[in-house]
Amino acid sequence: MSPARPYGRHPSLRRPEHRRVRLAAAASAAVLSLAVGVVPTQAAAAEHMTAAPASAPSGASAAPFTGVGHRLDRAALRESLAAIHRAGMYGAYSSVRDGSEQWRGATGLADVDTERRMRPDFEHRIGSITKTFTAVAVLQQVHKGRIELDAPIGRYLPELVPGETGREVTVRMLLNHTSGIGDYVLPAFPGVVENPEMVLEENRFRRLDPEHLARLGLAAPPAAERGKHAYSNTNYILAGLLLGKVTDQDPETYITRNVIRKAGLRHTYFPRSPYISGPHAKMYESMYGYIDPARDFSAYDMSWAGTAGAMVSTMRDLNDFYRQLLGGKLLGPAELRAMKTTVPAHDPEPGQEVVMRYGLGLFTMRMPSSGWYWGHNGAVFGAGTWALSTEDGHRQVALGYNLMKYERFDEDNRPKPDPIGDALFQYVDGALSGAGQSSAPRHRPAPGSLPPLNPLVEPGQLH
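Below or above, wherever it landed, is the structure these notes cover. Since the structure is predicted, the reported quantities are computational estimates derived from the model, not experimental observations.

It is worth spelling out the overall build of the chain at this point. Each helix and strand counted, the chain has 14 helices and 14 strands in total. For the chain, the proportion of its 463 residues judged to be buried stands at 63%. For the chain, long-range pairs separated by at least 24 residues make up 75% of all intrachain contacts whose partners lie at least 6 apart in sequence. Split by element, the accessible area of the chain, about 16,800 Å² in all, is 50% carbon and sulfur.

Encoded structure:
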């Protein structure tokens, strides 16, 4: 289906004249690259207008509605997915399941220059969905007695995490992002705020050591006070180093052998070079219009993301993985309960309830049409992914798309209308509810009242 606007130089990607880039005073709070609380404010705003079939969890462990019983409306799914492309997204692909029934689809372009079409079986960089795999591997070692969830990380990595942080931050705090440790990503890309296109291009083939990334994060300003959820990729770099220490293996190798292969995933892997090995789309990064036209970063050395966000997968593999995980096939009952023990992932607006809670590499989120779902989201340069399932893994959606930081802001840093975000949220909500196309965007809050999905830097830093 043809898009509503020309390919290549999307009109919303034109560089505003006389705009300059500077680092804002709040830069230290802006590092959220690989994934973040997806859309808690969006879901909350919809909540008061759309009756949900289950109440929000009040304790530390959520009990989501499963939504079993809907069948797949393939025509509605095709139309809703195509609407994402019509809204301005270059291309997207998805897999939706209800029990044994499956639908896969694709829309738009894999390459805006050649007009090569998207395919539903493409491999894709999945960003922070990697964190679920890393958490499963750590919890396997908990089951074996080699790691204690409430032991201080300094017990395992005393030279890397000494002092008060090593004594007070536990393994559990790393996995649920309550450690208070800062994020390494912004200091790992010095100058990215001033000149994002040049910095991302210059670092395309740079190899980064995980210990170096961890030290950058440990030296960065705290993400929040210890004990409060604040997303930090450093936590999962440390989790990977912990895994390597107790298994005496490269953590990526351990995860491959004991999580990916155990789940029988055929197209999921840690890339060993800057290139994706299988068929894939180009992945375009816009950085809120500061990279104009949006540039393809599908070839990138992902050592900068490591066990926090380097993995490649397909939408079908992601559904397989979460179904097996939630069905108890990858972890024992005690470890799965620990993984699903959650903390609030955001501070709700006055009069609203928490609509997203984070466990151990896994979050639960309330969607306006159909209740609570489990999974994760992710993003790296040019590639965004959502993967959500009912608690029993019966109903699932995985969605990948290839244009990132498409959001636009005016000269006063106020958000402009976001048709792409509307269409993405509508598709995911409808796919999970069984309606194919939900009415959620009708209740979407004003643009900008939720954080952009997975920014490397927040738009407020770029002027």
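Sheets are built from strands that pair by backbone hydrogen bonding, the pairs being arranged parallel or antiparallel. Taken in spatial order, the 9 strands make up an open sheet running β3-β2-β1-β13-β12-β11-β10-β9-β8, and their pairing is antiparallel. If you trace the sheet from one side to the other, it starts and ends with β3 (116-117) and β8 (343-344), each paired once. Sheet analysis places strand β12 (residues 383-389) next to strand β13 (residues 395-401), joined by 6 bridges and oriented antiparallel. If you follow Thr385 over to β13, its bridge partner there is Gly400. Along the sheet, helix α12 (residues 315-326) contacts β1 (91-98), β2 (101-111), β11 (371-380), β12 and β13; its crossing angle with β1, the most-contacted strand, is approximately 35 degrees.

Under the criterion given, the structure shown has 22 salt bridges. Residues Arg119 and Asp121 are paired through a salt bridge, measuring 3.1 Å at the closest nitrogen-oxygen approach. The class of Arg119 is partly exposed, set by a relative accessible area of 37%. Arg155 is the partner of Glu148 in a salt bridge, and the nearest nitrogen-oxygen pair spans 3.3 Å. Here Glu148 falls in the partly exposed class, since its relative accessible area comes to 45%. By relative accessible area, which is 49% here, Arg155 ends up partly exposed. Each of Arg71, Arg74, Asp98, Glu101 and Arg395 takes part in a single network of salt bridges with overlapping partners.

A word on the sheet that holds strand β14 (residues 403-404). Read across the open sheet, the 3 strands follow the order β6-β5-β14; overall the sheet is mixed. In the strand order of this sheet, the two ends are held by β6 (295-296) and β14, each with one partner.

So, on to the side chain of His124. The topology assignment puts His124 in strand β4 (residues 124-125). The contact partners of His124, leaving out residues within four places of it in the chain, are Tyr93, Met283, Met311, Val312, Ser313, Met315, Ala383, Gly384, Thr385, Gly400 and Tyr401.

Remark: a regular strand shows side chains that alternate across the two faces of the sheet. Of all 11 residues making up β2, 8 are buried, and the element is well covered by its neighbours. Pairing of β1 with β2 involves 8 bridges; the strand directions are antiparallel. Note on β2: the bridge partner recorded for Arg97 is Gln102. Connecting β1 to the antiparallel partner β2 that follows it, the hairpin turn spans 2 residues, and Gly99 within it adopts a positive phi of roughly 60 degrees.

Applying the stated criterion to the full structure yields 14 aromatic pairs. Seen from their ring centres, Phe205 and Tyr275 are 6.3 Å apart, and the 40 degrees between their planes marks the pair as tilted. Here Phe205 is found in the loop between α7 (196-202) and α8 (210-219), whereas its partner Tyr275 is found in the loop between α10 (251-260) and β5 (284-285), with 70 residues between them in sequence. With a relative accessible area of 48%, Tyr275 lands in the partly exposed category. Here the aromatic residues Phe189, Phe297, Tyr300, Trp304 and Phe381 are joined through ring pairs into a cluster of three or more. A cation over a ring is seen here: Arg206 above Phe189, with NZ or CZ 5.4 Å from the ring centre.

Across the interface, helix α3 (residues 130-143) lies against α10 with an axial gap of 10 Å and an inter-helix angle of 80 degrees. Put simply, α3 runs roughly perpendicular to α10. Contacts from Phe133, Thr134, Val136, Ala137, Gln140 and Gln141 in α3 reach Tyr254, Ile255, Asn258, Val259 and Ile260 in α10. By residue class, the composition of the contact of α3 with α10 is 7 nonpolar, 4 polar and no charged.

On to the nonpolar core. Phe133, Phe189, Trp304 and Tyr427 are the most contacted members of the largest nonpolar core, which has 125 residues in total. For this core, the element with the highest residue contribution is helix α14 (residues 419-433), accounting for 8 residues. Look past the residues within four positions of Phe189 in its chain and what remains in contact with it is Val199, Leu200, Asn203, Arg206, Tyr300, Trp304 and Phe381.

How each quantity is defined
- Residues numbered from 1 in each chain as written.
- Predicted model: local features only at pLDDT ≥ 70, side-chain atom pairs only at ≥ 80, totals over all residues.
- Heavy atoms only, no water.
- Helix = DSSP H or I, 4+ residues; strand = E, 2+ residues; numbered from the N terminus.
- Buried < 20%, exposed > 50% of the residue type's maximum accessible area, 1.4 Å probe, protein only.
- Contact = heavy atoms within 4.5 Å.
- Areas by Shrake-Rupley, 256 points an atom, 1.4 Å probe, with all protein chains shown as cover.
- Pairing = 2+ DSSP bridges.
- Axes fitted to C-alpha atoms, helices over the stretch in contact; angles between N-to-C directions.
- Salt bridge = Lys/Arg side-chain N within 4 Å of Asp/Glu carboxyl O.
- Phe/Tyr/Trp six-rings, centres within 6.5 Å; stacked < 30°, edge-to-face > 60°.
- Lys NZ or Arg CZ within 6 Å of the ring centre and 35° of its normal.
- Parallel < 35°, antiparallel > 145°, perpendicular 65-115°, else oblique.
- Nonpolar A, V, L, I, M, F, W, Y, C, P; charged D, E, K, R; others polar.
- Core = buried A, V, L, I, M, F, W, Y, C linked by side-chain atoms within 4.5 Å.

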